[in-house]
Amino acid sequence: MPDHWIVRHGVMRFLGDFDPGAGIACHRGSRVVARTDRGLEVCDVLCEATPQAMAMIAEPTHGQIVRLLTADDLASAERLKDKERQEFDTCLRFIQQKQLQMALVDVEHLFGGERIVFYFLSEKRVDFRELVKDLAREFQTRIEMRQIGVRDEAKLLADYGDCGKPVCCNTHMTTMPPVSMRMAKLQKSTLDPSKISGRCGRLKCCLRFEQDVYEEFQKQLPQPGMRILTRTGQGRVLAQEILARKVLVEFEDGRRVIVAADEILTPL
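Note that this is a predicted model, so its numbers are computed, not measured.

### So, the nonpolar core
Okay, so step 1: Counting residues in hydrophobic clusters, the biggest one holds 15 residues, and the most contacted among them are Ile-95, Met-102, Phe-118, Leu-131, Leu-135 and Met-145.
Okay, so step 2: Elements represented by at least two residues in this core include exactly α2 (71–98), β6 (103–109), β7 (115–121), α3 (129–139) and β8 (142–147).
Okay, so step 3: In contact with Leu-135, not counting residues within four places along its chain, are Cys-91, Phe-94, Phe-118, Gln-140, Ile-143 and Met-145.
Okay, so step 4: Core analysis: the next-biggest nonpolar cluster, separate from the first, contains 10 residues, Trp-5, Val-32, Ala-34 and Val-45 among them.

The structure is reproduced here in structure tokens:
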């Protein structure tokens, strides 16, 4: 039995290295109750915490698995979902009363009741100290307000992307990689913002997933403007077809031909 497991917990899907303790028979896919640095939470066991797996996690959390999730625990977690909806409505009412410039996105009531976390969007810094006091008096527990970005909002609320699959930020992604229009241009994607933007309104993260491959393949091809020697003569490179590993070449007789990388003898 592994000494440690990688566990996912919280609505923001934190990943961490957790000790199962003596007598707790975990396996991949187990649902457990664990003590994290935030409190008692319902967690999902993903895999053994090998050095290779841990190296893939940028900022791992740490904790102790308390027990496997029981039927009573599951019922309690379902009751918390109903409670969270009430807490969301209450917080929204306080925000409207105080006319705070913030958009409430989600609420997370920890399984052990140690704290309630409210996630919100705002274009500028918000003084929510009085709001926290009102919420603490109302719910008699620790209140945490977390300002998030639009990508995090999609991570919390989005369901399916244009591809028909669950959005990546809501499934396997743990960090939000930077994505630029340069990547879309290199991959010859449409530059129509409505077609290359995700549910968050920003450029799709999948552009980043393939960028390393495009950059590696691009290095292996002559750049546009270079003169090259091929098996059928000399010419000038007009454009690249990166994934196909081909280039469009204009030969000295005016012909324009797609040439594979392995047919290029040498740059001139």
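There's more to say after this.
### Some words on the pairing of strand β9 (residues 227–230)
Okay, so step 1: The two faces of β9 differ: Ile-228 and Thr-230 on one face are buried, but Arg-227 and Leu-229 on the other face are not.
Okay, so step 2: Here β9 folds back onto strand β10 (residues 233–241) in antiparallel fashion, the turn holding two residues.
Okay, so step 3: Across three bridges, β9 lies against strand β13 (residues 264–267) in antiparallel orientation. Among the inter-strand pairings, Ile-228 is bridged to a residue of β13, identified as Pro-267.

### Points about the packing of aromatic side chains
Okay, so step 1: Tallied over the full model, the rule gives one aromatic pair.
Okay, so step 2: Look at Phe-120 and Phe-128: their rings are 5.8 Å apart centre to centre, the planes differ by 75 degrees, and that puts the pair in the edge-to-face class.
Okay, so step 3: For Phe-120, a relative accessible area of 0% puts it in the buried group.
Okay, so step 4: Over the ring of Phe-94 we find Arg-93; its NZ or CZ atom is 5.0 Å from the centre of that ring.

### Considerations on the sheet that holds β8
Okay, so step 1: One open sheet holds the three strands; their spatial order is β6-β7-β8, and the pairing between them is mixed. Looking along the sheet, the strands with just one partner apiece sit at the ends: β6 and β8. Taken over all neighbouring pairs, the strand axes of this sheet differ in orientation by 20 degrees on average, direction set aside.
Okay, so step 2: Bridge count between β6 and β7: six bridges; the pairing is antiparallel. Residue pairing for β7: His-109 is matched across the bridge by Ile-116.
Okay, so step 3: Strands in contact with α2 are β6 and β7; relative to β6, the strand with the most contacts, it is inclined by about 145 degrees.
Okay, so step 4: The strands touched by helix α4 (residues 150–157) within the sheet are β6 and β7, with β6 carrying the most contacts at an inclination of about 50 degrees.

### Some words on the sheet that holds strand β5 (residues 61–68)
Okay, so step 1: Judged by pairing direction, the barrel is mixed, and its five strands sit side by side in the order β1-β2-β5-β3-β4 before closing back on the first. Mean inter-strand twist for the sheet, computed between neighbouring axes without regard to direction, equals 55 degrees.
Okay, so step 2: As defined by bridge partners, strand β3 (residues 31–35) adjoins strand β4 (residues 40–48) across five bridges and the pair is classed as antiparallel. Its bridge partner being in β4, Ala-34 is matched across the sheet by Glu-41.

### Quick notes on unusual backbone geometry
Okay, so step 1: For Arg-13, which is not glycine, the phi torsion reads 60 degrees and is therefore positive.
Okay, so step 2: Checked against the element boundaries, Arg-13 lands in the loop between β1 (5–9) and β2 (14–19).
Okay, so step 3: Take Arg-13: its relative accessible area is 21%, and that puts it in the partly exposed class.

About the criteria used
Within every chain, residues take consecutive numbers counted from 1 along the sequence as written. Where local features are concerned, this predicted model is filtered to residues with pLDDT of at least 70; where side-chain atom pairs are given and counted, the filter is 80 or more; whole-chain, interface and lining totals use all residues. To obtain the side-chain values, all non-hydrogen atoms of the structure were included, while hydrogens and water were left out. Only buried residues count toward a nonpolar core. Its members are Ala, Val, Leu, Ile, Met, Phe, Trp, Tyr and Cys residues joined through side-chain atoms within 4.5 Å. Think of it in three bands: residues with accessible area under 20% of the maximum for their type are buried, residues over 50% are exposed, and the middle band is partly exposed, with areas taken using a 1.4 Å probe on protein chains only. We count a stretch as a helix when DSSP gives it H or I for four or more residues in a row; a strand needs E for two or more, and each element gets its number in order from the N terminus. Contact between two residues is taken to exist if any of their heavy atoms lie within 4.5 Å; hydrogens are not considered. In this analysis, strands are considered paired if DSSP registers two or more bridges between them. Centres within 6.5 Å are what make two rings of Phe, Tyr or Trp a pair, Trp counting through its six-membered ring; a difference in plane orientation under 30 degrees is then read as stacked, over 60 as edge-to-face, and the rest as tilted. As a reminder, the over-ring test applies to NZ of lysine and CZ of arginine, requiring each to be within 6 Å of the ring centre and within 35 degrees of the ring normal. For helices, the fitted axis covers only the stretch in contact; all axes are lines through C-alpha atoms, and the angles between them, taken along N-to-C directions, range from 0 to 180 degrees.

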